[in-house]
Amino acid sequence: MPLQITGALGDPDLIRLPWETPLEDWPQHHLVDLPRGISRHVVRFARLSGKVYAIKEISERYAKREYQLLWDLARLDAPAVEPVAYVTGRENGLDAALITRHLQFSLPYRAVMSGTLRPDTLTRLLDALAVLLVRLHLNGFYWGDCSLSNTLFRRDAGAFAAYLVDAETGEMHPMISEGQRLTDIDNAHTNIFGEMLDLEAGGLLHPSIDPMETAEDIVARYHRLWNEINESEIIEEVDWHRVEQRIRRLNLLGFDVAEMMVRRKVGTGRLIVRPKVVDAGHHQRRLLRLTGLDVEENQARRLLNDLDGFRVAKGLRHEDEAIVAHRWLAEVFQPTVDAIPAELRGKLEPAQLFHELLDHRWFLSEQEGADVGLAAAVKSYVDNVLVHKPDERALLPEEADQ
């Protein structure tokens, strides 16, 4: 069988690499020295045309399987390395190889965790890994070997973002089962405990960090996040602002809420609410499609939250969402913007104005312990906030000067 490279081949020079030679014996001029984690396979980094590729030697069966799984994750926009191709038909009976694009500015955990690691940095790493595992599970992905070694970390302002780097043992399902979820968590506990012990034995772990506590901490963080996302909440109808509190918590955790499942608890005046979590950017696209309003992502999130609340309040849960959006524009958004005195409308663009009004309403409702309503919020916002803001329209350059 001749040499064959299968995949989204972006660089024809990949075929010219010395595939007839075992990866561990590749000449140095083909390679670039980058930090790499512990792997059961030989992994090397090659630079071609200014791009860096990670190459892993692996059996043909697993190379094809992992390539497909990584593509499935890429289509779902899940946090994972990008697959490029897999190589089969190498000479001398050599294993196949999986090629992925190197994740720029990423580090394996051993490059992050050293004797100088502060406990709060470890906390941020565990948060990132918990978020990664939850995102994978929400997408129906069973990892099978969750560990720090199979993860890459990128610095993200004051936090870290985690990416799956090894999908060899993974499985993609329409929905992950409870047994698969718990098995993944149990594997994570075992693997991370072992990794912490390994760092401790090598003198690379800060004395204040306990391996067992760290392993248990990742499990606890995962469960807190999973429950925050998936548990239904029972509220009184008049306490709708509690739903907004929960959405805010989810936003702070790095998740967006696409819609909410709301049903009435039989025989009571209570509502059962459960959010549906999606990736960032969803709200901007959804609001533009439904209303024609082209706004920033955070603005879109807030406006759509209000639109969804309008659907529930008006008993329109089974109505077409385009019709609901049209009514919300006509009955809520536009009248609210129009209620602002004409001389103050130039201070903020309409979407930002509405966003701040909803923020103001939320703070007033927190103070009162109940929803104060939009009309009262508009009056308070205009009298106490908007009048003191600079006129943004006046600060923009005139069209003639542009």
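Residues numbered from 1 in each chain as written. Predicted model: local features only at pLDDT ≥ 70, side-chain atom pairs only at ≥ 80, totals over all residues. Heavy atoms only, no water.

Named according to an unreviewed UniProt entry, the protein is DUF4032 domain-containing protein originating from Nonomuraea rubra.

## Concerning the pattern of salt bridges
Under the defined criterion, the tally for this structure stands at 16 salt bridges. Between glutamate 178 and arginine 181 there is a salt bridge, with its nearest N and O atoms 3.0 Å apart. In this pair, glutamate 178 and arginine 181 both sit in helix 4 (residues 178-201), three residues apart, roughly one turn of the helix. Three or more residues joined by partner-sharing salt bridges are found here, namely Arg40, Asp145 and Glu168. (Salt bridge = Lys/Arg side-chain N within 4 Å of Asp/Glu carboxyl O. Helix = DSSP H or I, 4+ residues; strand = E, 2+ residues; numbered from the N terminus.)

## Some remarks on helix 4
Over its 24 residues, helix 4 extends 35 Å from the first C-alpha to the last, a length consistent with the 34 Å expected when each residue adds 1.5 Å. Burial in helix 4 covers these residues: Gln180, Arg181, Asp184, Ile185, Ala188, Ile192, Glu195, Met196 and Leu199. Tucked inside the fold, the buried residues of helix 4 contact helix 2 (109-112), helix 3 (119-138), strand 7 (141-142), strand 10 (171-172) and helix 5 (211-230). Downstream of helix 4 by one or two residues, glycine 203 has phi in the positive range, about 70°. (Expected span 1.5 Å × (residues − 1). Buried < 20%, exposed > 50% of the residue type's maximum accessible area, 1.4 Å probe, protein only. Contact = heavy atoms within 4.5 Å.)

## Description of the packing of aromatic side chains
For the structure on display, the rule yields eight aromatic pairs. Ring plane angle 35° and centroid distance 5.6 Å describe the contact between tryptophan 328 and phenylalanine 333, whose orientation is recorded as tilted. Since its relative accessible area comes to 3%, phenylalanine 333 is described here as buried. Look at phenylalanine 333 and phenylalanine 354: their rings are 5.2 Å apart centre to centre, the planes differ by 55°, and that puts the pair in the tilted class. Of the two residues, phenylalanine 333 is situated in helix 9 (residues 321-338) and phenylalanine 354 in helix 10 (residues 350-368); the sequence distance between them amounts to 21 residues. Take phenylalanine 333 and phenylalanine 354: they sit in the same class, and that class is buried. An aromatic cluster is defined as three or more aromatic residues linked by ring pairs; in this entry it consists of Tyr67, Trp71 and Tyr86. Arginine 61 extends its terminal NZ or CZ atom over the ring of tyrosine 62, reaching a point 5.0 Å from the ring centre. (Phe/Tyr/Trp six-rings, centres within 6.5 Å; stacked < 30°, edge-to-face > 60°. Lys NZ or Arg CZ within 6 Å of the ring centre and 35° of its normal.)

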